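Architecture at a glance
Residues per chain are reported as follows:
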Amino acid sequence: MSFGAKASLAISTALILALSGPALAQRTDVVVGLVLEPPHLDPTSNAAAAIDEVVYANVFEGLTRFGPNGDILPALAESWDVAEDGLTYRFMLHDGVTFHDGSAMTADDVVFSLDRARADDSVNAQKFLFADIAEVTAEDDTTVVVTLDQPNGNFLFNMAWGDAVIVAPESAETNTTDPVGTGPFRFADWRQGDSVTIERNPDYWGEPVQLERATFRFIADPTAAFAAMMAEDVDTFPVYPAPETLSILDADPRFEAIVGTTEGETILAMNNRREPLDDVRVREAIVHAIDRQEIIDGAMFGYGTPIGTHFAPHHPAYVDLLDLSAHDPQRSRELLAEAGVEGLTLSLALPPPVYARRGGEIIAAQLRAVGIETEIVNVEWAQWLEQVFGNGDFDLTVISHTEPLDIEIYGRDDYYFGYAAPSFLAIWDELNETLDPDARNALLGDLQRDIAENYVNVYLFQLAKAGVQNVDLEGMWVNAPTQATDLTGAYWAR
Amino acid sequence: MRVAPSLIIGAVLSLAFVVMALVSLVWTPFDVTALAVGNRLVPPGDAHWLGTDHFGRDIFSMILVGARTSIAVALVAVGVGMVIGVPLGLTAASRAGSWFDDLIMRGNDLVFAFPALIIAILITAIFGPGAINAIIAIGIFNIPVFARLTRGAALSLWTRDFILAARLAGKGRARISLEHILPNVSNTLLVQATIQFSLAILAEAGLAYVGLGAQPPVPSWGRMLAEAQTMIALAPHVALVPGLAIVSTVLGLNLFGDGLRDLFDPRLQRGPA
Amino acid sequence: MTRFLLCRTISLLASLLVASLVIFLVLEVLPGDPARFMLGLNTSPEALAALREQLGLTAPLPARYLGWLAGMAVGDFGISYTYRVPVADLIVERLWVSLPLALYALTLSTLIAIPVGVLAAANRNGLIDFSAMGLTQIGIALPNFWFAMLLVLAFAVNLRWFSSGGFPGWQDPGAAVRALTLPAIALALPQASILARVMRSSLIDTLDEDYVRTARAKGLTRGQALWRHALRNALIPVVTIMGLQFSFLLAGAIIIENVFYLPGLGRLAFQAISARDLIVVRSVVMILVFAVITITFLVDIAYALIDPRLRRRAP
């Protein structure tokens, strides 16, 4: 194709510059593909991961933040002191930070943000992050003191969540459509249903970013996502929705696949309250019926790491317990016979993601092989949340729990799979009183063992962060310690 | 009377479709519920005539069983439309101009006015996805089609002499509708039914694309096609085979329906296709 | 005439009222709580309750229904639960994509269908007729998302003539039209197939009418008769079908909008259903129903004005 024809057909001038070779200037814009459109852009009033995927670290910042590998880094708080009793945190804020509307970010804004998040009428989706806070006070313009009711080893980690970002009182209510944060990018435009654009914040307090603008495009259809990459309408898909075509894109010299880890433990959850799943032998029978590798290969085209318990394998406290749940159909049948269960039919609720829909079909076939029939019920998210999660009305379901370090859900009495055994809670209480990191890791190991030995759920695999991007794009996150698209380090190599 | 070539082509394609469904009742080369992930996306060849899909299932076997699903969904959906729509149309025609007629016709307009796919999505959101709910969703929109067609065809009959004779003989409206009108509109209804039948197969594919329709492990052409979308760059046969199956069946049924119309009513014979 | 108008207006209002009640009730029985959807897995019961209150979900059923009706009457459709912007703004913005797309597709479909239909009718039973009608049968039989995907692979991925999807906005009309071209083709082809068949049979019917025969008897050639007399009359059913197709294209493009990730009305409704943004769903459905019912109403009135016989519905 001649250059003339190409020019007449290309979508934007920026794209022409990129296509016509290295002689021209480096690109300073990027188009990011996302599967889901955020409902709005305020991370403090909605759980949608899509909000953080646009604004986290780019537009909004908190006191602390997640680094690319999950480490907790300083953000608006330059440094902090923790009192010996673990109850008082004193945060020293950066000087001269301004919001995108030009107003100064001071200790009062921090007090406002944290108080707003933990207020009675707060609609923050992760209110538990703030549950231990007793009081937040501003000592002076750049010093904030947070007092806790009880020591909380996770407090700095909690403050790094997108739900804990610092907002200004004047703009808090309008952040949904016109987000005003302190980040290196400021909000530019939202074409609802199509894209959100952010641009470089010239008054940023920290190191300025290299990109001048970034556009997030919302493409839900996996085939459309493939086409958009191939047609170079999109530069990167950090979480690419069609693992089956990742190998094709990776083989193309224009693109590379970026495969990292996420915090998503994908499980086949079982309703521990319901007969006959309240019998540990039946649960163990189901566990041994499952061949994880076949699910990873069949549903995710090989992307994913088998797990033997509800814990991320890249975490230092992870314990390999895969032996407890090896694929053994013979053992399954024996256990079912032992439990006196025959002709079992279970419902299997599958939410929309491909890991659930495709994985569920494979699971159904594997269970059939040991004599358990399943009735597949495909559900939308809203239905899953109400029926399965809210009312606990299910037998089996496939779901990925994407929050970091969320093994604590096994101690919740009202949680949908209904475990909360005394053995687990005893370890959990001990963990809360322990501050020594090694001892904590050992206890975390005990928790993992407890839920694996009691076969609460079938722990399938750790969801991979399978993304794809233009080979010349650098500085994107490989792993996903939180669901975000941090563009602060991104740049074009050519 | 000359039999149009399109009728023959249509009949052959439609027959092939029915035969596939019947064969699947007694025999398929492979078990369609058995997965073999290690054997996935095999191109068409000796072992698997039409290759295997992303779970290693035999596509030819799935096409056979899928034909059965399509027939079941389309047949019942059209049946629902006819069973409710035809009596409504007959009654409306027998009381043409009355408030009842008006009510039915306004009701028809109202159903027509609803965006079909959105309503189908809502129905499945309420009752959950599945073949039955796909049938209901498609069936609802078949009711006004048959009601309107029946009314229109019946209206012209009511002015005919033999109906007048029946009325003079003291037969009631309902009895006339049943004994004299219905037999005379049945050809028209049959033709429309084949066309609605083919539309229902297409509608099932559309519903499957948005994740509704027949649920696994029951194979359905629509779901095969929808699931194969992302595989087309990887293994084109997975997306092409169900697509061609749908196209040729819908084509066959439409040609058959048109051919039938010409056959029943030579006055309307309009040549090919 | 006044009586007729009055009757039809009452029936129009009754239809709209019934439609609004049906839509409202259907959405009420829809399982799934918008507040829970927005707050996700880790939320607390207090936060859920606070949000429900904030969204106005705690008011009694009849009050919410009447509130919705009263709002609509003055053009206020409420605030979207999830997007937190006025529903009317959302809909208007989406119409800027859906309306041009529907018009574009309808134009394409007409431009294809009328010549094909006329050509086929003029060559009745000939080779052109046979192959044209065969092609239209295939056009009708294609599942639209499959066809759309083949278009994307051919023209966006391989030839790179068009972008694979998305919509750049109307600031650059050229780019906007280009972005809508593949989706419009995907929508237009099946519609054109139907329209061409209607055109052909309608024209053949008219050509058999007495006045056309007379015209031919007066020495006009077949072609002259066709152009001067038949075509105009044959267009009436074609235009009627076009009206139906337009309303279908406006609402029925969900699948095509999804394949080309276009921010249209259908996709808005689809996404709103899965997010349980009920206030958006019911307003979109209501507007679509309103549009179709009103168009039908206006067409009825127009016909009645032209032809007084139609004022009585009796045979």
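Residues numbered from 1 in each chain as written. Chains lettered and ligands numbered in written order. Predicted model: local features only at pLDDT ≥ 70, side-chain atom pairs only at ≥ 80, totals over all residues. Heavy atoms only, no water.

Let us now look at the sheet that holds strand β5 (residues 88–93) of chain A. All names here are of chain A. The 4 strands are arranged β4-β5-β7-β6 in an open sheet whose pairing can be described as antiparallel. Each edge of the sheet is formed by a strand with only one pairing partner; in this case those strands are β4 (77–82) and β6 (133–140). With direction set aside, neighbouring strand axes in the sheet form an average angle of 20 degrees. Summarising the sheet, β4 and β5 pair through 5 bridges and their orientation is antiparallel. The residue of β5 that forms the bridge with S79 is M92. Contacts between helix α4 (residues 107–118) and the sheet are confined to β5, β6 and β7 (143–148), with β6 contributing the most and set at about 165 degrees to the helix. (Pairing = 2+ DSSP bridges. Helix = DSSP H or I, 4+ residues; strand = E, 2+ residues; numbered from the N terminus. Axes fitted to C-alpha atoms, helices over the stretch in contact; angles between N-to-C directions. Contact = heavy atoms within 4.5 Å.)

Taken together, the contact between chain A and chain C spans 55 residues of the former and 50 residues of the latter. Counting across the chain A and chain C interface gives 2 salt bridges. Where R160 of chain C meets E232 of chain A, a salt bridge forms, and the shortest distance between an N and an O atom there is 3.7 Å. Our count for the chain A to chain C interface comes out at 5 residue pairs in polar contact (both at pLDDT 80 or more). For the side of chain A that touches chain C, the elements supplying multiple residues, two or more each, are α1 (3–9), β8 (185–191), β10 (213–218), α6 (222–230) and α12 (381–390) of chain A. Taken together, the residues of the side of chain A that touches chain C break down into 26 nonpolar, 15 polar and 14 charged. (Salt bridge = Lys/Arg side-chain N within 4 Å of Asp/Glu carboxyl O. Polar contact = N/O pair within 3.5 Å; in protein donor to acceptor, adjacent residues only side chain to side chain. Nonpolar A, V, L, I, M, F, W, Y, C, P; charged D, E, K, R; others polar.)

All names here are of chain B. Mapped onto this structure's residue numbering, the UniProt feature "transmembrane region" (unreviewed entry) falls at residues 7–27, 71–90, 110–143 and 232–257. Annotation note: span residues 110–143, helix share 85%, strand share 0%, distance between end C-alpha atoms 12 Å. Across residues 232–257, helical content stands at 85% and strand content at 0%; the span's end C-alpha atoms are separated by 32 Å. (UniProt positions renumbered as here; feature names shortened; annotations may be inferred.)

With that out of the way, let us pick up the confidence of the model for chain B. Residues shown with low pLDDT carry predicted positions that ought not to be read at fine detail. All names here are of chain B. Mean pLDDT for chain B: 86, with 96% of residues reaching 70 or above. Of all the helices and strands in chain B, helix α4 (residues 116–127) carries the lowest mean pLDDT, 82, while helix α2 (residues 59–94) carries the highest, 92. Across residues 268–273, confidence stays below pLDDT 50; counting only partners more than four residues off in sequence or on other chains, it has 22 contacts. Confidence estimates for the predicted assembly give a pTM of 0.85 and an ipTM of 0.81. (pLDDT = per-residue confidence, 0-100.)

Right, let's talk about the pattern of salt bridges for a bit. Evaluation of the coordinates by the stated rule reveals 36 salt bridges over all chains. Between D53 of chain B and R57 of chain B there is a salt bridge, with the nearest N and O atoms lying 3.0 Å from each other. Overall, the relative accessible area of 5% leaves D53 of chain B in the buried class. Residue classification places R57 of chain B among the buried residues on the basis of a relative accessible area of 3%. The salt bridge involving R197 of chain C is made with D258 of chain B; its shortest N-O contact spans 2.5 Å. Residue R197 of chain C is located in helix α8 (residues 173–207), and its partner D258 of chain B is located in helix α9 (residues 236–264); the two belong to separate chains. (Buried < 20%, exposed > 50% of the residue type's maximum accessible area, 1.4 Å probe, protein only.)

Time to look at the packing of aromatic side chains. Enumeration over the complete set of coordinates arrives at 35 aromatic pairs over all chains. For R40 of chain B, the ring lying beneath its charged end belongs to F301 of chain A, and the centroid distance is 4.0 Å. Sitting over the face of the ring of W68 of chain C, R282 of chain C holds its NZ or CZ atom 5.1 Å from the ring centroid. (Phe/Tyr/Trp six-rings, centres within 6.5 Å; stacked < 30°, edge-to-face > 60°. Lys NZ or Arg CZ within 6 Å of the ring centre and 35° of its normal.)

On to the domain arrangement of chain A, then. All names here are of chain A. Split into domains, chain A comes out as domain 1 (60–169) and domain 2 (264–463). Look at where the C-alpha atoms of domain 1 and domain 2 centre, and you get two points 34 Å apart. Listed as interface residues are 4 residues of domain 1 and, on the opposing side, 4 residues of domain 2. Regarding the contact of domain 1 and domain 2, the summed buried area is about 460 Å², with carbon and sulfur atoms giving 67% of it. Between domain 1 and domain 2 we count 0 salt bridges in total. In this assembly, domain 1 and domain 2 are joined by 0 residue pairs in polar contact (both at pLDDT 80 or more). A breakdown of the residues in the side of domain 1 that touches domain 2 according to their chemical character gives 2 nonpolar, 2 polar and no charged. (Domains from an automatic or database assignment. Buried area = accessible area lost by both parts, 1.4 Å probe.)

All names here are of chain C. Axis separation between helix α5 (residues 87–122) and helix α12 (residues 265–274) bottoms out at 8 Å; the angle between their running directions is 135 degrees. When the interaxial angle is binned, α5 and α12 end up oblique. On the side of α5, the interface is formed by L90, I91, R94, L95 and S98, while α12 contributes L265, G266, R267, L268 and Q271. Grouping the constituent residues of the contact of α5 with α12 by class yields 5 nonpolar, 3 polar and 2 charged. (Parallel < 35°, antiparallel > 145°, perpendicular 65-115°, else oblique.)

In this complex, chain A contributes 22 residues to the contact, which on the side of chain B involves 21 residues. Interface area for chain A against chain B, summed over the two sides, is near 1900 Å², with a carbon-plus-sulfur share of 58%. Of all residues in chain A, the largest losses of buried area upon contact with chain B belong to F301, E361 and N378 of chain A, amounting jointly to 27% of the total for that side. Joining chain A to chain B, the criterion identifies 1 salt bridge. Between E361 of chain A and R57 of chain B there is a salt bridge whose closest N-O contact spans 3.1 Å. Summed over the shared surface of chain A and chain B, the number is 6 residue pairs in polar contact (both at pLDDT 80 or more). At the level of secondary structure, the elements contributing two or more residues to the side of chain A that touches chain B comprise α6, α7 (246–251), α9 (292–300), α11 (354–369) and β15 (373–378) of chain A. With 5 residues, α11 of chain A is the single largest residue contributor to the side of chain A that touches chain B. Classifying every residue of the side of chain A that touches chain B gives 8 nonpolar, 6 polar and 8 charged.

Okay, the nonpolar core next. In this structure, Y240 and L487 of chain A, F114 and I181 of chain B together with L203 and F260 of chain C are the most contacted members of the largest nonpolar core, which totals 224 residues. It is α8 of chain C that provides the largest number of residues to this core, a total of 16 residues. For F260 of chain C, the contacting residues outside a window of four places in its chain are A148, V152, S164, G165, G166, L182, P183 and A186 of chain C. Residues Y415, Y419, L447 and L463 of chain A belong to the second largest nonpolar core, which totals 72 residues. (Core = buried A, V, L, I, M, F, W, Y, C linked by side-chain atoms within 4.5 Å.)

All names here are of chain B. Two elements in contact, helix α3 (residues 99–113) and helix α5 (residues 131–158), have axes whose closest approach is 9 Å; the angle formed by their N-to-C orientations is 140 degrees. As the angle between them shows, α3 and α5 are arranged oblique. For the crossing formed where α3 meets α5, the hand is left-handed. Taking contact as the criterion, the partners of D101, M105, N108, D109, V111 and F112 in α3 are, on α5, I140, F141, P144, V145, A147, R148 and R151. Of the residues that constitute the contact of α3 with α5, the class distribution is 8 nonpolar, 1 polar and 4 charged. (Left-handed = near helix turned anticlockwise from the far one by under 90°.)

Our focus in this paragraph is unusual backbone geometry. Across the junction of E275 of chain A and P276 of chain A, the peptide omega takes the value -10 degrees, indicating a cis bond. Assignment of secondary structure puts P276 of chain A in the loop between β12 (255–270) and α8 (280–289). You will see that L41 of chain B, though not glycine, has its phi angle at about 55 degrees, which is positive. Its place among the elements puts L41 of chain B in the loop between α1 (5–26) and α2.

All right, on to the pairing of strand β17 (residues 458–470) of chain A then. Residues and elements named next belong to chain A. With 12 of 13 residues buried, β17 lies mostly within the body of the structure. As paired strands, β12 and β17 are joined by 11 bridges and run antiparallel to one another. The residue of β17 that forms the bridge with E265 is Q462. For strand β13 (residues 305–306) and β17, the ladder comprises 2 bridges, and the chain directions are antiparallel. The partner of P306 across the bridge, within β17, is F461.

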